[in-house]
Structure formats: C-alpha cells, structure tokens
Amino acid sequence: MSEQSTDLRETVRRRYAAAAVKVTEGGTACCGPQPVEVDENFGSALYAADERDALPAEAVAASLGCGNPTAVAELREGESVLDLGSGGGIDVLLSARRVGPTGNAYGLDMTEEMLALALANAEKAGATNVEFLKGTIEAIPLPANTIDVVISNCVINLSTDKPAVFAETFRVLKPGGRIGVSDVVADDTLSAEQRAERGDYVGCIAGALSFAEYRRGLEAAGFTGIEITPTHSVADGMHSALVRAVKPATSTLPETAAGTSSADGSCCGATACCTPTEQPADPSVAVGTAKSATGCACQS
C-alpha cells in the first residue's frame, strides 16, 4: 500500500473512531446519543421509522451511510449476510432480524471504537445471530464461498483499492450469491478532479467511482446481472445509488482450492483429504465447513 493510501485509510479510521466515541459518550448523557450524520443525504433518516424504533438508539445515531442496503438485498430466512464497513451495527442488526435465528449476520470493520459500539448495540438488541470481525474490506477474514449476501452502506467508495474489494467480495460469496450495496457514484462526465472539488475523501465524495467505472470493476471481478440505480443526489453530479450484482452459480474456486491437491498437500480445504486423519488447511475452520464451502466431496 502506498504512503498516500495509508494516510487516507488512517484519516478514515480517525473520523469513524471519533464518530463512535461521540455516540458512546452521548449514550451516557441524559438526552441520549446525538446523531453524527453529515446532512439529510446521509444517516439514519434514510431508514424507515419502524426500523429505527426497533434498534438501540446508539446504533441509529452512529449511522453514516447514504442509503439502506437491507431494504434492497431481499434477505431470506436462514441466509448468511456480510456487511462491509459495519460501523455501529445498524445494517447488521437489521439483517439479523430478516434472516432469523437460522441465519447469521457478520459485520466487518477496521475501527476498534466502532466494533466496541457495535458489540454493545448487539447486546442491547438481544441479537444472538451476529458476529463482528476486525479487518479491512480489501482482505476479508472469512473463507471463500461462505456468504449468501454481501451488503455495504457508503463504504466501498472510501477504499483506495476498490478492485481488491470487488475481488474479495466475489471470493467470499457462494456461487449464486449476490450483493446489495448503497454507495456514492459519480456521473461518467465528471473527472477525478471534479469529484474532489465536490467533497473530501472521507465524506464519501472524492473516492467515488463513476457509473461506468463501477460496472467495469464488478465485471472484472466476475459479477454478472449488474444494476446501478441512482436514488438521490448528494452533490452536483454525485448520487447515492443502489448496486446489485450476482456471482454466477457456476463460479468455482481455482483448482488448488476446489478439489485438486495444492503444493501443501491440501484439497477441499483439508489436508489428508477424505482419510481418518484429515485436518483443515486453515486451523480456524472445521473440516466439514472447509469442504462444504468449496462444494467438494472425497476425491477418487
């Protein structure tokens, strides 16, 4: 990662850490937490009143997104959902309610303060089918082919390596899995310099892709069925948009991950495949989970 990219990531981290601290400290005040949203184009006002009312006030107050991805992700009972850049947990908690007790919702965030806030919110909400992970959206700490739906709310535009985000999202999705993302997208006529003139990087503006760039990035990662639909303007030539795409059902992992032996002697995500002594190649994953994730059985 370049020095500039590192600096930008740290700037983003500091901004969201400060937002989490503001909400946490406000939650102990007599009047409750105050929203940290930037303006009417971002934040909790983009959620329905009944959704906001069903969640802890701190989760609602910490919302900094540009849309409501859970409203378009068409989540179903029993599915596994991953929220990239989960912040205070509003979309994770809404997703957990939609997938029910047989499903699960993961939240991924790089900010310690936001993760602590999200965990507290999950406890207040009584959510038992959620898990929050520390990490970056460019290197998702989950096995391949394990997630049904990936959502995100105005976070992908903050990344300085969007091709890595698209590739990682594709990797963790099961074949046939889908994305439902809210993000800021620019008109194709705007240059990078013009986007920067309309707002800063952490304000979800300067880092935004154009509609054509977004589509090309998803296609390069392997996605099909791409739809990018603007919902409202956030600046001149800049839009909040809903992004949908699908990982093809026939998509497979490279051979070393999906059935044939690799250099370390593993197949199906396990060593000594299909013998009584088999062990997972990744110690953090059970043998059954590894083999199920790659969709393979014993090799002849």
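See above for the structure.
Attention in this report is confined to the structure presented alongside it.

**Brief notes about the packing of helix 6 (residues 162-172) against helix 8 (residues 211-221)**
Packing of helix 6 against helix 8 leaves a shortest axis separation of 9 Å and a crossing angle of 45 degrees. In terms of axis orientation, helix 6 runs oblique to helix 8. Crossing hand, helix 6 versus helix 8: right-handed. Contacts from Phe166, Ala167 and Phe170 in helix 6 reach Tyr214, Gly217, Leu218 and Ala221 in helix 8.

**Let's talk about unusual backbone geometry**
Of note, the phi angle at Glu74 is positive, near 50 degrees, even though the residue is not glycine. Among the secondary structure elements, Glu74 is positioned in the loop between helix 3 (57-61) and strand 1 (80-84). Even without being glycine, Asn145 reaches a positive phi, approximately 60 degrees. For Asn145, the position within the fold is in the loop between strand 3 (130-134) and strand 4 (147-153). For Asn145, a relative accessible area of 7% puts it in the buried group.

**Here's the deal with helix 5 (residues 112-125)**
Over its 14 residues, helix 5 runs 20 Å from end to end, which matches the ideal 20 Å to within 8%, given 1.5 Å per residue. Within helix 5, burial applies to Met114, Leu115, Leu117, Ala118, Asn121 and Ala122. Projected down its long axis, helix 5 carries its buried residues within an arc of 160 degrees, all on one side. Pointing more than 90 degrees away from the buried face of helix 5 are the exposed residues Glu123 and Lys124.

**Section: the nonpolar core**
Formed by 31 residues in total, the largest nonpolar core has its most connected members in Leu82, Ile179, Tyr214, Leu218 and Phe223. Taken together, the elements giving at least two residues each to this core come down to strand 1, strand 2 (104-109), strand 4, helix 6, strand 5 (173-186), helix 8, strand 7 (224-235) and strand 8 (238-246). In this structure Leu218 touches Phe166, Ile179, Phe223, Ile226, Val243 and Ala245, once residues within four positions along its chain are discounted. Core analysis: the second largest hydrophobic core is formed by nine residues, Val92, Leu93, Ala96 and Ala105 among them.

**Looking at the side chain of Asp83**
Following the sequence through the fold, Asp83 ends up in strand 1. We note that Asp83 is buried and unpaired, the nearest opposite charge coming from Arg98 at a distance of 12 Å. Here Asp83 is in contact with Asp91, Val92, Tyr106, Gly107, Leu108, Ile151, Ser152 and Asn153, once residues within four sequence places are set aside.

**Here we look at the side chain of Ser80**
Looking at where Ser80 falls in the secondary structure, it is placed in strand 1. Among the residues examined, Ser80 registers a relative accessible area of 10% and is labelled buried. In terms of polar contacts, Ser80 uses its side chain to reach the side chain of Asn104, at 3.1 Å. Setting aside chain neighbours within four positions, we find Ser80 in contact with Asn104, Thr146, Ile147, Asp148 and Val149.

Criteria and cut-off values
- Residues numbered from 1 in each chain as written.
- Predicted model: local features only at pLDDT ≥ 70, side-chain atom pairs only at ≥ 80, totals over all residues.
- Heavy atoms only, no water.
- Axes fitted to C-alpha atoms, helices over the stretch in contact; angles between N-to-C directions.
- Helix = DSSP H or I, 4+ residues; strand = E, 2+ residues; numbered from the N terminus.
- Parallel < 35°, antiparallel > 145°, perpendicular 65-115°, else oblique.
- Left-handed = near helix turned anticlockwise from the far one by under 90°.
- Contact = heavy atoms within 4.5 Å.
- Buried < 20%, exposed > 50% of the residue type's maximum accessible area, 1.4 Å probe, protein only.
- Expected span 1.5 Å × (residues − 1).
- Arc of directions from axis to C-beta.
- Core = buried A, V, L, I, M, F, W, Y, C linked by side-chain atoms within 4.5 Å.
- Lys, Arg positive; Asp, Glu negative; His and termini not counted.
- Salt bridge = Lys/Arg side-chain N within 4 Å of Asp/Glu carboxyl O.
- Polar contact = N/O pair within 3.5 Å; in protein donor to acceptor, adjacent residues only side chain to side chain.

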